[in-house]
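# Working through the structure, step by step
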Amino acid sequence: MPADHPVRLFADHWRKLRGDRPIPARQDFSPINVPVLLPYLVVLELTETDDGPDLHTRLEGEYMISLTGRSNMGASARHVMEEDGYFARLQEARETLGNGEAQFAEIEALDHKNKTHKLLRGVFPFVLDGDRKGQIFIVVGENGMSL
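What this report covers is the structure whose coordinates are included nearby. (Residues numbered from 1 in each chain as written. Predicted model: local features only at pLDDT ≥ 70, side-chain atom pairs only at ≥ 80, totals over all residues. Heavy atoms only, no water.)

Looking only at helices and strands, the protein features four helices and five strands. When the elements of the protein are put in sequence order from the N terminus, they spell out α-β-β-α-α-α-β-β-β. Over its C-alpha trace the protein gives a radius of gyration of 15 Å, about what one expects of a compact globule, namely 15 Å for 147 residues. C-alpha extents for the protein along the principal axes are approximately 40 × 35 × 25 Å. When burial is assessed residue by residue, the protein has 44% of its 147 residues classed as buried. Of all intrachain contacts in the protein linking residues separated by at least 6 positions in sequence, the fraction that spans at least 24 positions is 52%. (Helix = DSSP H or I, 4+ residues; strand = E, 2+ residues; numbered from the N terminus. Rg over C-alpha atoms; globule rule 2.2 N^0.38 Å. Buried < 20%, exposed > 50% of the residue type's maximum accessible area, 1.4 Å probe, protein only. Contact = heavy atoms within 4.5 Å.)

Pasting the structure below:
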């Protein structure tokens, strides 16, 4: 992965925010400090609803919107994702928040025009109010890209 790939740059920033804590606090993150990364970022918040746990989209960058062909800002993942994808994302959020570790993967994804993209993906936990519930930040960029 190039040194200036969005996932690597965000991983470096996340590690600085974390310091010696298990998971950085959401209040420590400011988009002003990483404006070049915002197009590649999605923030999902783990919430409890009357229907059980859910993920709500709090931030969605332009690159992500260009892949999906729509914005999901403010939406419940339960209502905008296929059931299997929703449960996989929910499990990923719980695991990431539970163990405090960032996760990295190389994936292939279809955009809204059915074009395949080879992507690098990072998932980073942030806690709210010192609790294990919180938000996950997902950063995605084309494999091999540089900023």
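Turning our eyes to something else, we now look at the layout of surface pockets. If you add up the space inside the largest pocket, you get close to 740 Å³. In this structure, the largest pocket is lined by 28 residues; those nearest its centre are Met64, Thr68, Asn72, Met81 and Arg89. Contributions of two or more residues to the lining of the largest pocket are made by strand 1 (41-49), strand 2 (52-60), helix 2 (62-68), helix 3 (77-80), helix 4 (83-99), strand 3 (103-110), strand 4 (116-127) and strand 5 (134-142). Per-class residue counts for the lining of the largest pocket are 14 nonpolar, six polar and eight charged. (1 Å grid on protein atoms, 1.4 Å probe; cavity = no way out; pocket = protein on both sides within 12 Å on 5 of 7 lines; lining within 4 Å. Points joined across faces, edges and corners; volume = space filled by probe spheres on them. Nonpolar A, V, L, I, M, F, W, Y, C, P; charged D, E, K, R; others polar.)

What follows concerns the sheet that holds strand 3. A sheet is described by the order of its strands in space; here five strands give the open sequence 2-1-5-4-3, paired in antiparallel fashion. In the strand order of this sheet, the two ends are held by strand 2 and strand 3, each with one partner. Taking the axes of each pair of neighbouring strands and ignoring which way they run, one obtains an average angle of 30° across the sheet. Across five bridges, strand 1 lies against strand 5 in antiparallel orientation. Among the inter-strand pairings, Val43 is bridged to a residue of strand 5, identified as Phe137. Each of strand 1, strand 3, strand 4 and strand 5 touches helix 1 (residues 6-18); the most contacted strand, strand 4, lies at about 10° to it. Packed onto the sheet, helix 4 meets strand 1, strand 2, strand 3, strand 4 and strand 5 and runs at close to 115° relative to strand 5. (Pairing = 2+ DSSP bridges. Axes fitted to C-alpha atoms, helices over the stretch in contact; angles between N-to-C directions.)

Let us look at the nonpolar core. Counting residues in hydrophobic clusters, the biggest one holds 35 residues, and the most contacted among them are Phe10, Phe29, Phe124, Phe126 and Phe137. Elements represented by at least two residues in this core include exactly helix 1, strand 1, helix 2, helix 4, strand 4 and strand 5. Contact partners of Phe126, with chain neighbours within four places excluded, come to Phe10, Trp14, Leu17, Ile23, Pro24, Ala25, Arg26, Phe29, Leu97, Gly134, Gln135 and Phe137. (Core = buried A, V, L, I, M, F, W, Y, C linked by side-chain atoms within 4.5 Å.)

Applying the stated criterion across every chain, the model contains seven salt bridges. Of the charged contacts, one joins Arg21 and Asp28 as a salt bridge, the two residues approaching to 2.7 Å between their closest N and O atoms. When its relative accessible area of 31% is taken as the criterion, Asp28 is described as partly exposed. Glu92 is the salt-bridge partner of Arg121, the closest N and O atoms lying 2.7 Å from each other. With Arg121 in strand 4 and Glu92 in helix 4, this pair connects stretches of sequence that are 29 residues apart. Among the residues examined, Arg121 registers a relative accessible area of 12% and is labelled buried. Each member of the salt-bridge network shares a partner with another, and the members are Arg89, Glu92 and Arg121. (Salt bridge = Lys/Arg side-chain N within 4 Å of Asp/Glu carboxyl O.)

Such coordinate-based values are descriptive only and should not be taken to indicate function.
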